[in-house]
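The chain contents come next:
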Amino acid sequence: SNKIVISKEEIQKLSVKNVADILHYAIGVQVNSRGNNNAQTDIKINGGTFEQTLILINGHPILDPQTGHHFMNLPITQNDIEQIEIITGPQAYSYGINGIAGAINIITKSGNENAVSINVTAGSNFEKDTSNNKRFNTTNLHVGWSNSTKHAKQYLSASTDIGNGYMYNTATQNYKLLYTNNLNILNGNKISILASYINNQFGANGFYAPPYDLNSIEYVNTFFGAIKHEKKLSKHWITKTNISYRNNYDRYVFKKQDPSYYENIHRTESIFANTNLNYLYKNGEIAIGVFANEQKINSTNLDTFTRNNIGFFIENRFQWTKKLSTSIGLFANYNQQFGRNILPGAEVGYQVNSMWKIYGSIGTANRIPTYTDLYYKSATNIGNSQLIPEKSVGYDIGSKFYSNQFSLNINLFNRQVAQLIDWTKPDTASIWRPSNFGLQHVNGMNLLVAYNFKNQKHFSFQTISLSYQYLNLSIENNSSEAISKYSLDYFKHQLIAYTTFYFSKHLYTTLSARYQNRFNFKSYTIVDARLAYEAKSFRIFTDVNNMTNEKYLEANVMPMPTRWLSFGINLKFNY
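Within every chain, residues take consecutive numbers counted from 1 along the sequence as written. Residues qualify for local features only when their pLDDT is at least 70, as the model is predicted, and side-chain atom pairs are given and counted only at 80 or more; totals for whole chains, interfaces and linings, by contrast, use all residues. Based on all heavy atoms of the structure, the side-chain values leave hydrogens and waters out of the count.

> Describe the pattern of salt bridges, naming the residues involved and giving the relevant values.
Salt bridges are defined as contacts in which a side-chain nitrogen from Lys or Arg sits within 4 Å of a carboxyl oxygen from Asp or Glu. In this structure the tally under the stated criterion is 16 salt bridges. The salt bridge partner of Arg317 is Glu315, with a shortest N-O separation of 3.0 Å. By relative accessible area, Arg317 is classed as partly exposed at 41%. Under the scheme applied here, a residue whose accessible area is under 20% of the maximum for its type counts as buried, over 50% as exposed, and between as partly exposed, the area being computed with a 1.4 Å probe on protein chains only. With a relative accessible area of 11%, Glu315 lands in the buried category. Arg367 serves as the salt-bridge partner of Asp373, at 3.3 Å between the closest nitrogen and oxygen. Exposure remark for Asp373: the relative accessible area of 2% places this residue in the buried category. Residues joined in a network through salt bridges with shared partners are Glu51, Arg367, Asp373 and Glu390.

Here it is as structure tokens:
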């Protein structure tokens, strides 16, 4: 299948402030941010909707029965990431339900050294707010601690993001805590622990009901904890188990000056557990397992519900020859409310030579409607309790070529989503309602080209990267006069380019540009730059984001920040 990997080394060189910023540089990913400082972000993959993307942390799925708007409310800063893996297409047999368009797995740093890091960034835009003659600014402080012993690798991260926004009522206060521990204890038991907490508050001007929500504010507090166990039972047998728990509190106040006028309070819980047994044999591996998920919601708007999901999966990876490998799998899912689904998938890879690989895959997945889809009620949005799950099938073929310096990846894909859920309305109406809108067809192509210059770190380029995606999307439905809220918002053309140039061994600059031709919206190009001085124990940098001061939209009708200047320092102390 098609997998894109963004490494921590790449992240350090880009002018990024958070996870959403990083994903802007991943081809095929559409980042629709509301507000700045990643206050709230919707992520779409290859023309999917934001509900069709599965987000994972260290392989643990982030499940939110209320809404996909919270998927990116993550306890992770850009300083905590080891790498990000983006897997495109529906692959339920690998990742379970809900990843209709693809999955993003964020792998955090483990405590593989004894070190303390301090990261400070402060930034401001170039324009003053005309209403109060103030300049908008943000400040970010991050402290990381890692500790490595024979049996444990611990990592602790704490951060604060505070900004007064970039226009009226877009201020953010975001506090994050993350702790991981990878234990290797008696008799070969490997245990990984993750615990995290987020306290997030942001002005929500224009987030959901513009222009009426000028004074709205939202509070989101999230706890996420997970534990993973792995043990090799014998030469052939391995057992793997993971359990996670997520608790989310979301309070939305329509008028912050008068909370009693209208507010929604949602509390959700999601418990996820899966266990599988892996059998290793001469030329392959069979994995067989079960999973269970319970989701609860207690909401002033959506009512109180509990629903259960159980699943069974089997996958066989087989190496036919040194060059030819296959994987075939099946995911069977039973939902208390929506019944059962059988979701098969397969992929094949052929290693032509040491540098060139060709591959193809077919996969399926489904998505269960959120409680917002089903039951939400407001003056402008009303849910639909009759919705049924979306179901998709996707195909892709591709070719990857890698040498020491040059890489080329071409990927062609097709996806069909039956019973596509979208919020729509007749153009004369004021109320949005979700429905199983129709059959969605997505066809596309990705092209990634990169060149690394050999060990040149003195007045020379180090990397040049160019990515392009073309998408063609259509929907067959019976109500052609309806206006679509989400499913027809996609990038028809997306072009991303960046290069890193070294003036000396320690001083470099990265220049990046993204052209985004957004269907039904104005196209735009965003240019960012970072100038950095990097030594063994510290890095200082300055970033200019949106250098050309482009006026553009990512979500709804709210403009995104104008030109922004930041300064930062990263310090690391080994002990």
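> Tell me about the sheet that holds strand β4 (residues 53–57), and name the residues and values.
Adjacent strands of a sheet form backbone hydrogen bonds with each other and so pair up, either parallel or antiparallel. Here, strands pair whenever DSSP counts at least two bridges between them. The numbering of helices and of strands both runs from the N terminus, where a helix is a DSSP run of H or I of at least 4 residues and a strand a run of E of at least 2. Spatial ordering of the open sheet is given by β1-β6-β7-β4-β5, a layout of 5 strands whose pairing is mixed. Whereas interior strands pair on both sides, the edge strands pair on one side only; in this sheet they are β1 (3–7) and β5 (60–61). In terms of strand pairing, β4 meets strand β7 (residues 102–108) through 5 bridges, oriented parallel. Following the sheet pairing, Leu56 is matched in β7 by Asn105.

> How would you sum up the pairing of strand β23 (residues 433–452)? Please name residues and give values.
With 17 bridges connecting them, strand β22 (residues 406–426) and β23 associate as antiparallel partners. Within β23, the position partnered with Ile410 by the bridge is Leu447. Hairpin connection between β22 and β23: a loop of 6 residues separates the two successive antiparallel strands. Relative to strand β24 (residues 460–476), β23 is paired through 14 bridges, and the arrangement is antiparallel. Across the sheet, residue Met445 finds its bridge partner in β24, namely Tyr470.

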